[in-house]
Amino acid sequence: PLFHVAQLTAQFPECILLTLGQLQVYYWMHYREFLNEYSYYLSYFGLDYTKALDTQACVELEEGSWQHFFLQSALNSWHNYQSLAILAEKHNTPMEEDLQKEMEELEESLKQAAKDKKYESPDELLQNEIGPGVTFDNYKAYQNIFYTGYSYYAQQMKALDYSMEQIETYYNEHEKELAESHITKESGDLVDVRHILISIEGGTKDDSGKTTYSDEDWENCRAKAQKLLDEWKAGEATEKSFADMAVEHSTDTGSASNGGLYEGLNEETNFVEEFKAWYLDKNRQVGDTGLVKSTYGYHIMFYSAKEAEWIRVCRNQLTNADIEKLMESAKDASPITIYYENVLLGN
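Residues numbered from 1 in each chain as written. Predicted model: local features only at pLDDT ≥ 70, side-chain atom pairs only at ≥ 80, totals over all residues. Heavy atoms only, no water.

Topic: the pattern of salt bridges
Then, in step 1: Taken as a whole and assessed by the stated rule, the structure comprises 14 salt bridges.
Then, in step 2: Residues E107 and K111 are paired through a salt bridge, measuring 3.8 Å at the closest nitrogen-oxygen approach. Of this pair, E107 and K111 both sit in helix α4 (residues 97–116), four residues apart, roughly one helical turn.
Then, in step 3: Among the residues examined, K111 registers a relative accessible area of 38% and is labelled partly exposed. (Salt bridge = Lys/Arg side-chain N within 4 Å of Asp/Glu carboxyl O. Helix = DSSP H or I, 4+ residues; strand = E, 2+ residues; numbered from the N terminus. Buried < 20%, exposed > 50% of the residue type's maximum accessible area, 1.4 Å probe, protein only.)

Describing the packing of α4 against helix α5 (residues 122–129)
Then, in step 1: Between α4 and α5, whose axes approach to 8 Å, the crossing angle comes to 75°. Of the possible angle classes, the one that applies to α4 and α5 is roughly perpendicular. Each of L110, K111, A113 and A114 in α4 lies in contact with α5, whose residues at this interface are P122, L125 and L126.
Then, in step 2: For the contact of α4 with α5, the residue count by class is six nonpolar, no polar and one charged. (Axes fitted to C-alpha atoms, helices over the stretch in contact; angles between N-to-C directions. Parallel < 35°, antiparallel > 145°, perpendicular 65-115°, else oblique. Contact = heavy atoms within 4.5 Å. Nonpolar A, V, L, I, M, F, W, Y, C, P; charged D, E, K, R; others polar.)

Concerning the packing of helix α9 (residues 215–234) against helix α10 (residues 239–249)
Then, in step 1: Between α9 and α10, the least distance of the axes is 10 Å, while the angle of their chain directions is 145°. Our pair here, α9 against α10, has a crossing hand that is right-handed. Within the contact between the two elements, α9 uses L228, E231 and W232 and α10 uses S241, F242, M245 and H249.
Then, in step 2: Partitioning the contact of α9 with α10 into residue classes produces four nonpolar, two polar and one charged. (Left-handed = near helix turned anticlockwise from the far one by under 90°.)

Topic: a nonpolar patch on the surface
Then, in step 1: On the surface, Y40, Y41 and Y44 cluster together into a nonpolar patch covering about 510 Å² of accessible area.
Then, in step 2: Tracing the backbone shows Y40 in the loop between α1 (20–37) and α2 (42–45).
Then, in step 3: In this structure Y40 comes out as exposed when scored by relative accessible area, which is 76%. (Patch = residues over 30% accessible without salt bridge, like charges linked within 9 Å, V, L, I, M, F, W, Y side chains within 5 Å. Areas by Shrake-Rupley, 256 points an atom, 1.4 Å probe, with all protein chains shown as cover.)

A look at the sheet that holds strand β1 (residues 4–8)
Then, in step 1: An order of β2-β1-β9 is seen for the three strands of this open sheet, with the pairing classed as antiparallel. The sheet terminates laterally at β2 (16–19) and β9 (336–338), the two strands that pair on one side only. Taking the axes of each pair of neighbouring strands and ignoring which way they run, one obtains an average angle of 20° across the sheet.
Then, in step 2: Relative to β9, β1 runs antiparallel, the two sharing three bridges. Looking across to β9, one finds that L8 is bridged to I336.
Then, in step 3: Together, β1 and β2 form the strand contacts of α1, whose direction differs from that of β2 by roughly 70°.
Then, in step 4: Strand contacts of helix α3 (residues 66–90): β1, β2 and β9, with the helix running at about 40° to β1, the strand carrying the most contacts. (Pairing = 2+ DSSP bridges.)

As structure tokens, this is what we get:
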């Protein structure tokens, strides 16, 4: 019988199984994420989403179809997430509070989403917007594994700390390779900022479709931004509270979900000049706030960090190496066995 398609042999009495139902979630999420990310380049990859995936050779593989590609991606993701979840259980790492709250509210959230989009049930929503065969129970199991493993991963990330001596040592050992990427101790600084975009509203369109905004429109936009900034200052006035406000109020789809954060900015960053002028100000200090007017509206700014580029790059490379070791160790402790003959994918 088609019971499961993979198992992990971990340091537990029993194996941990990936069921066919759960496989659908991983498989179709990878498929949809790929389509969303590369929607304009599918023909370049040789992928035609109107045709069966198992009939199309995948350019990403030496041998195999696009079905093989997405299946392998799905199995790799499950191995990663489940291995970390096992370590979280072993070390009694609790799920982060906000993630735990999401899990508790997941069913009601999906019921409301299904209602808003006129689906009869969460299952119908999931099968139409993730993939065939995906049920609420399967999706909940996926979220639980992911959040449990992520909580352990985040804890390990927070524990990583490198002294300037370690960073200097890494730079000296890799100076030649870094220089080939134009990273030297004279490379300048990188800046991190958060912002909340309050888009300009109103205006009148001319025959060509160009919108012109009145002084009143601009003043209304500025006043709305100033009110939010004043509310933030009257509250905890922390970077976290600013990030929370960005998630709730920012109209910048590129950064709102990340708390309005843009990292690694410098003079070469392709942002509007008013935005750049604010964060490039030599007198700017961490924690500074302000309002910036641009063609998009008003930006509520928060100056998050400033660091020499060579230090940032070396720290990131040290971090990436330790993360890779963490994942390799986690997966080595929980080897995977795959039963390809049991695989059955929704059509």
